[in-house]
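Descriptive analysis of the structure
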Amino acid sequence: MVQRWLERDTRIPISPQMASWSPDTPCSCDCFASVPPASALPAVIFAKNSDRPRDEVQEVVFVPAATHAPGSRLQCTYIEVEQVSKTHAVILSRPSWLWGAEMGANEHGVCIGNEAVWTKEPVGEGEALLGMDLLRLALERGSSAREALHVITVLLEHYGQGGSCREDPTPFCYHNTFLLADRTEAWVLETAGRLWAAQRIQEHPELRPHAWAQGWWDGQGTFDFAQVFSLSQQPVRMEAAKARFRAGRELLQQQQGGITAEVMMGILRDKESGICMDSGGFRTTASMVSVLPRDPSQPCVHFLTATPDPSRSVFKPFIFGVGAAQAPQVLSPTFGAQDPVRTLPRFQTRVDRRHPLYRGHQVALGLMESEQARGQQLRQKQRDLEQEGLAVVRGLLTRECAPPTQELGGLFQAFVEKESQAYA
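Conventions and cut-offs
Residues numbered from 1 in each chain as written. Predicted model: local features only at pLDDT ≥ 70, side-chain atom pairs only at ≥ 80, totals over all residues. Heavy atoms only, no water. Helix = DSSP H or I, 4+ residues; strand = E, 2+ residues; numbered from the N terminus. Buried < 20%, exposed > 50% of the residue type's maximum accessible area, 1.4 Å probe, protein only. Contact = heavy atoms within 4.5 Å. Areas by Shrake-Rupley, 256 points an atom, 1.4 Å probe, with all protein chains shown as cover. Pairing = 2+ DSSP bridges. Expected span 1.5 Å × (residues − 1). Core = buried A, V, L, I, M, F, W, Y, C linked by side-chain atoms within 4.5 Å. Axes fitted to C-alpha atoms, helices over the stretch in contact; angles between N-to-C directions. Parallel < 35°, antiparallel > 145°, perpendicular 65-115°, else oblique. Left-handed = near helix turned anticlockwise from the far one by under 90°. Nonpolar A, V, L, I, M, F, W, Y, C, P; charged D, E, K, R; others polar. Phe/Tyr/Trp six-rings, centres within 6.5 Å; stacked < 30°, edge-to-face > 60°. Disulfide = S-S within 2.5 Å. Salt bridge = Lys/Arg side-chain N within 4 Å of Asp/Glu carboxyl O. pLDDT = per-residue confidence, 0-100.

Along the backbone of the protein there are 10 helices and 18 strands. For the protein, the proportion of its 424 residues judged to be buried stands at 58%. Counting contacts in the protein only where the partners sit at least 6 residues apart, residues at least 24 apart contribute 69% of the total. Accessible surface, the protein as shown: approximately 17,200 Å² in total, 51% of it carbon and sulfur.

Looking now at the pairing of strand β9 (residues 90-95). Extensive coverage of β9 is indicated by the burial of six of its six residues. Of the two faces of β9, the one lined by V90, L92 and R94 and the one lined by I91, S93 and P95 are each fully buried. Bridging between β9 and strand β10 (residues 103-106) involves four bridges; their strand directions are antiparallel. What sits directly across from I91, in β10, is A105.

Here the focus is helix α2 (residues 145-159). Its 15 residues give α2 an end-to-end C-alpha distance of 21 Å, which sits within 8% of 21 Å, the value for a rise of 1.5 Å per residue. Listed in full, the buried residues belonging to α2 are A145, A148, L149, V151, I152, T153, L155, L156 and Y159. Looking at the buried side of α2, the elements it contacts are β7 (80-82), β11 (111-117), α1 (131-141), β12 (175-181), β13 (186-192) and β14 (195-198). G160, located one to two residues past α2, shows a positive phi value of around 75°.

Moving on to the nonpolar core. In terms of nonpolar packing, the biggest core is built from 65 residues, with V289 and F303 touching the most fellow members. With residues up to four places along the chain from it excluded, the contact list for V289 reads I45, F46, A47, A261, M264, M265, L268, V301, H302, F303 and F315. Grouped together as the second largest cluster of nonpolar side chains are 43 residues, Y78, V90, Y159 and V341 included.

Moving on, we come to the packing of helix α7 (residues 356-370) against helix α8 (residues 372-398). Contact pair α7 / α8: the axes reach a minimum separation of 6 Å and the direction vectors enclose 130°. As summarised for this structure, α7 and α8 are arranged oblique, according to the angle between their axes. With respect to the hand of their crossing, α7 and α8 are arranged in left-handed fashion. Note on element contacts: α8 touches α7 through Q372, R374, G375, L378, R379 and Q382, opposite H361, A364, L367, M368 and S370. Within the contact of α7 with α8, the residues separate by chemical class into four nonpolar, five polar and two charged.

It is worth spelling out the packing of aromatic side chains at this point. Summed over all chains, the structure comprises seven aromatic pairs. Both rings, one in F62 and one in F318, keep their centres 5.9 Å apart while their planes meet at 40°; by these two values the pair is tilted. Of this pair, F62 sits in strand β4 (residues 58-63) while F318 sits in strand β18 (residues 316-318), placing them 256 residues apart in sequence. Pair check on accessibility: F62 and F318 agree, each one buried. Here F318 and F320 contribute two aromatic rings whose centre-to-centre distance is 4.9 Å and whose plane-to-plane angle is 85°, an arrangement assigned as edge-to-face. Taken individually, F318 and F320 each receive the classification buried, so the pair is uniform in this respect. Following the ring pairs from residue to residue traces out a cluster consisting of F62, F318, F320 and F412.

The peptide bond linking P36 to P37 adopts the cis configuration, its omega dihedral lying at 10°. With respect to the helices and strands, the residue P37 is situated in the loop between β2 (30-34) and β3 (43-53). Although it is not a glycine, D309 adopts a positive phi angle of roughly 60°. With relative accessibility at 5%, the residue D309 sits in the buried group.

What follows concerns α8. The terminal C-alpha atoms of α8 lie 38 Å apart, and with 27 residues this matches the ideal 39 Å at 1.5 Å per residue to within 8%. By the burial criterion, the buried members of α8 are G375, L378, R379, Q382, L385, E386, G389, L390, V393, G395, L396 and L397. Note on α8: the residue one or two positions beyond its end, R399, has a positive phi of about 65°.

Another point: the state of the cysteines. Among covalent bonds in proteins, the disulfide is the one between the sulfur atoms of two cysteines. Scanning the entire structure with this criterion turns up zero disulfides. Its sulfur unpaired, C111 is 6.9 Å from the next cysteine sulfur, which belongs to C300. According to the relative accessible area criterion, C111 is buried, its value standing at 0%.

Turning next to the side chain of D309. Its location among the elements puts D309 in the loop between β17 (301-304) and β18. Those residues in contact with D309, other than ones at most four positions away along the chain, are K271, C276 and T284.

On to the pattern of salt bridges. All told, the structure shown has 21 salt bridges when counted by the stated rule. The salt bridge partner of E80 is R73, with a shortest N-O separation of 3.4 Å. Across the salt bridge formed by R359 and D352, the nearest N and O atoms sit 2.8 Å from each other. Take R359: its relative accessible area is 37%, and that puts it in the partly exposed class. Residues joined by salt bridges that share partners form a network here, namely K271, D309, R312 and E369.

Right, let's get into the confidence of the model for the protein. Confidence along the protein averages 86 in pLDDT terms, with 88% of residues attaining 70 or more. In the model, residues 1-26 has pLDDT below 50 throughout and makes 106 contacts with residues more than four positions away in sequence or in other chains.

Okay, the packing of α1 against α2 next. Following both chains from N to C, one finds α1 and α2 inclined at 135°, their axes separated by 8 Å at the closest point. As far as their axial angle goes, α2 and α1 are oblique. Regarding α1 and α2, the two cross each other, and that crossing is right-handed. For the pair formed by α1 and α2, the contact residues are L134, L137, A138 and R141 on the first element and E147, A148, V151, I152, L155 and L156 on the second. Looking at side-chain class alone, the contact of α1 with α2 contains eight nonpolar, no polar and two charged residues.

And the structure:
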């Protein structure tokens, strides 16, 4: 297969107290990457659906490049780490209660998405770096997929991964897999505790001895990380995840050689397969598609929704450049020292983290479900706005009709404003 595809199957332990949740319900993310010649353009195309607790709000955060004083410390979601002297500009789609991110990109064209995994290696509730913290740290510090992967593995070995990954007093903990991509290639990084394995680079030196000592691998034949570390008795929900894996692979194969950003958006919107999730206590809370041209003279383009359910959301283009700034309509309110994630014991109260675009989108979804005519009008406005953004990007990448350079950094803000007006 010339396209690279990754989906993390359902290996997430969910709190039994989650409303409307069943242990057999699929609850996982889907990540995709296509490299030429599977892509229609000479570009790597990255995509992710972030499947999270259904009421969780994701915001889109722009963080400019910065320099930091020697000896600086950095507060992540739960713990502090040493800060580096320089960090890259990043665009992040993140659950608004935490420091890290579910997916994002940096100014050098590196994209990363994470997925939860549940392995034979015990998952502790002790607070360390979340997988989402590792993702953001890698984007801020890595100028290529290889560098970003190195950032994650070094931090993973030093600090470990742990802590609740859900804004709830009942702990929700898991290990992580990462899909990393840049203009030239895509990488898969699997983890279990502080152990890791990655495509195209040397695996963690303690990986095989640890598996052998635990009796999970006999030391003979090919070492397959997923097979060795996966649970022997898989839960029923794994079968649904396998069906999603097959469906995603088939959807990509049908577009062999013609995969575009629009094709990836269509795959992320596929409800029949479950890739666009709405299952019990989980749903797709945000989505992202990135186009990373091989030609370094062309800008990378990142489409983000900032709203749940990609089948009824707008993918809006973001480009790093002059004028790139935070769009206030997709930034959630902050609560300082009184935030439930900051007060101990954590998550004893709830706060309203909805940003303005999320609120408008909620109203639009309600109209789509309750008023057919009005709902169809709103959905058509969404389609038209998205097509406008895709047309701008096509013109930019084909050099047929590109916006002035000074306007590229403000594209995302402009489309967020147009979407907000459509809901008003």
